[in-house]
Each structure stands twice: as structure tokens, then as C-alpha cells.
Amino acid sequence: MTSWQRWSATDIGNRRAQNEDALVCRDYDGLWAVIDGMGGINAGNVASAALAHAIEHMELKSSLPDAVDQIEDLVLAVHDQLHDFAQQEIPRRTLGCTLALMRLTQTWGLVVWVGDVRLYRWRDQALTRLTQDHLDASHELTRLIGDGLLLPDFAVVRVQAGDRYLLASDGLHNELSDARLGYWLAQAPELAQRELVAEALAAGGRDNLSLIILEVETDAISSSRSIQP
């Protein structure tokens, strides 16, 4: 029997007026997401909150094909809602969010992402990034939930006991190298949860930063720990 533990944190950072990130932690049925809102004061909050609310309240499908279709439909529906809302704003401005989501069951792991929120895996003392940023050569977003044409990316992963996964907004991974992320994921998750935030803030903390750490276990009771400075 496979289960998991979760540690999570979010922080406004050193330079932002408010935190536009959102976390979804459905520990009871194995779904987690980090959402990075954008669009400025209020707008970024609207975008991330709208997607978080939709994810929190969807009834999960049990089969992998159904789960893919369900999550894609949900993301596209929120995309359309945010786009329509932005059209009513005066002056017109971009309103949207980026996403990395992980869904775990006893037989498969599903990864969904849009934009530059990332998912990493720590296994056998090695760090692997499981997502690819949707950025152009100028590091501008090419996919955004709420603006332009959208197609979420999906990946299916084989999960094994001992795996650790890190969902990280760009406010975290832009401040820390992969080497530093791997260093902390090799430590006790409680320590990693705290020190990843502290090190990102010390490095500049130029954006809101959010993370979820998952540890896959066998024959254990799932639990969670979170901090929101």
C-alpha cells in the first residue's frame, strides 16, 4: 500500500506587495498543485484563486484517461473564464496564472503543467526535472492560463517508495540552482521545507515563492505539514 507525506510553504518574498501564489493540497485523495498568479494587484489573486477553487472542488476520476480529460477540461474552462474577465477590465491587462499539478494513485502518477511552475523528482541521490518551462528565448511565457492559446502539458510517471517530489513556483527555482534544490531535497523534509524558503529569501526573494514537497512511502499513514509565513 503506497501513501505519502506532504510539506508545503508559501511566502510573499522581499519585493511584492502581496502573495499571488496559491497552493492546493488534497492529501486525502492524492492531488497537489502550485499556482502562480499574475496580472498585478488583485488580478493575480483572482487568477490563482479561481484555478485553486476549481481544483479543490473537482471530483476526481479514477482512471488515468478520464483524469487527463477531466483536468484538461477544467484548466481550459478556467482559462476561458479568466480571459473573459480580463476583456472587461479597463484598461485591458493580462490576467492569468501558471500551474504545476501532481496526482498520485496506487498505480500511476500524473503531472500537468502550464508555464514555468516546475516539478522535480529526487530519486537515488539524483535530481530530475519532470517539466519543461513554457518560455521563449527571451524568457517570456509562451503559455498562460487566461491569455492566448492554451494547451496544458501532461506526463505520466512511475512512482516508487522513497521518491521525493518538489513542486516549485518560479519565485523559488529562479533564486536557487538545481544543485541547491537537490541538496535540500536530500535532507529531512522538515528541514528542506524551512531552509528552501530561507535560502530563496536570502538570495533576493524577488517574487512570491511557493513549494510542496511530497515523499512517497509504503505501508505508512499519510500526513501533512505546512507553513505560510
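Please refer to the structure placed before this passage.
Residues numbered from 1 in each chain as written. Predicted model: local features only at pLDDT ≥ 70, side-chain atom pairs only at ≥ 80, totals over all residues. Heavy atoms only, no water.

S.K.: Honestly, helix H4 (residues 178–185) in this entry has me stumped. Any pointers?
M.R.: Every α-helical turn comprises 3.6 residues, leaving residues that sit three or four positions apart pointing alike. Along H4, the residues that are buried comprise Leu181, Gly182, Trp184 and Leu185. Down the axis of H4, the smallest arc covering the buried residues is 165°, so these residues share one side. (Buried < 20%, exposed > 50% of the residue type's maximum accessible area, 1.4 Å probe, protein only. Helix = DSSP H or I, 4+ residues; strand = E, 2+ residues; numbered from the N terminus. Arc of directions from axis to C-beta.)

S.K.: Just checking my understanding: could you explain unusual backbone geometry for this structure?
M.R.: Excluding glycine, a negative phi dihedral is what most residues carry, and trans is how most peptide bonds are arranged. We note that Asp124 has phi near 55°; this positive angle belongs to a residue other than glycine. Overall, Asp124 belongs to the exposed group, its relative accessible area being 68%.

S.K.: Help me understand the sheet that holds strand E2 (residues 21–26), please; the structure alone is not making it clear to me.
M.R.: Strands belonging to one sheet form pairs held by backbone hydrogen bonds; the direction of such a pair is parallel or antiparallel. Strand order across the open sheet formed by five strands is E2-E3-E4-E5-E8, with antiparallel pairing between neighbours. Each edge of the open sheet carries a strand with a single partner, namely E2 and strand E8 (153–157). Strand-to-strand, the axes of this sheet are offset by a mean angle of 10°, without reference to chain direction. Pairing between strand E5 (residues 109–114) and E8: five bridges, direction antiparallel. (Pairing = 2+ DSSP bridges. Axes fitted to C-alpha atoms, helices over the stretch in contact; angles between N-to-C directions.)

S.K.: Can you help me understand the pattern of salt bridges in this one?
M.R.: Any two side chains of opposite charge can pair, on the condition that their charged atoms come close. Summed over the entire model, instances satisfying the criterion amount to 11 salt bridges. With a shortest N-O distance of 3.1 Å, Asp207 and Arg16 are connected by a salt bridge. Here Arg16 lies in the loop between strand E1 (2–11) and E2 and Asp207 lies in the loop between helix H5 (189–202) and strand E10 (209–218), a separation of 191 residues in the sequence. Given the relative accessible area of 16%, Asp207 is considered buried. Taking relative accessible area as the criterion, Arg16 reaches 45% and is therefore assigned partly exposed. Three or more residues joined by partner-sharing salt bridges are found here, namely Arg118, Arg129 and Asp133. (Salt bridge = Lys/Arg side-chain N within 4 Å of Asp/Glu carboxyl O.)

S.K.: Explain H5 here, please?
M.R.: When the terminal C-alpha atoms of H5 are compared, their 20 Å separation across 14 residues agrees well with the 20 Å that a helix rising 1.5 Å per residue should span. Residues Pro189, Ala192, Gln193, Leu196, Val197 and Ala200 constitute the buried set of H5. Two residues or fewer past H5, Gly204 is found with a positive phi of approximately 145°. (Expected span 1.5 Å × (residues − 1).)

S.K.: Looking at this structure, I do not really get the packing of H4 against H5. What am I missing?
M.R.: The geometry of a pair of packed helices is captured by two quantities: the angle between their axes and the separation between those axes. Two elements in contact, H4 and H5, have axes whose closest approach is 9 Å; the angle formed by their N-to-C orientations is 155°. Classified by the angle between their axes, H4 and H5 sit roughly antiparallel to one another. Here H4 contributes Arg180, Leu181 and Trp184 to the contact with H5, which in turn contributes Leu191, Ala192, Glu195, Leu196 and Glu199. Of the residues contributing to the contact of H4 with H5, the split by class is five nonpolar, no polar and three charged. (Parallel < 35°, antiparallel > 145°, perpendicular 65-115°, else oblique. Contact = heavy atoms within 4.5 Å. Nonpolar A, V, L, I, M, F, W, Y, C, P; charged D, E, K, R; others polar.)

S.K.: Just to check I follow, could you spell out the packing of aromatic side chains for this structure?
M.R.: Note on aromatic pairs: each is described by the distance of the centres and the angle between the planes. Applying the stated criterion to the full structure yields two aromatic pairs. Measuring from centroid to centroid gives 5.4 Å for Trp4 and Trp32, while their planes differ by 90°, and the two rings are edge-to-face. Taken together, the residues span a long stretch of sequence, with Trp4 in strand E1 and Trp32 in strand E3 (residues 31–38) at a distance of 28 residues. Note on accessibility: Trp4 and Trp32 belong to one class, buried. (Phe/Tyr/Trp six-rings, centres within 6.5 Å; stacked < 30°, edge-to-face > 60°.)

S.K.: Which parts of the structure should I look at to understand the pairing of E3?
M.R.: Two faces make up the sheet, and in a regular strand the side chains alternate between them. Extensive coverage of E3 is indicated by the burial of seven of its eight residues. Alignment of E2 against E3, held across six bridges, turns out to be antiparallel. Pairing of Cys25 across the sheet is with Trp32, part of E3. As paired elements, E3 and strand E4 (residues 96–104) share eight bridges and run antiparallel to each other. Residue pairing in the sheet places Met38 in a bridge with Gly96 of E4.

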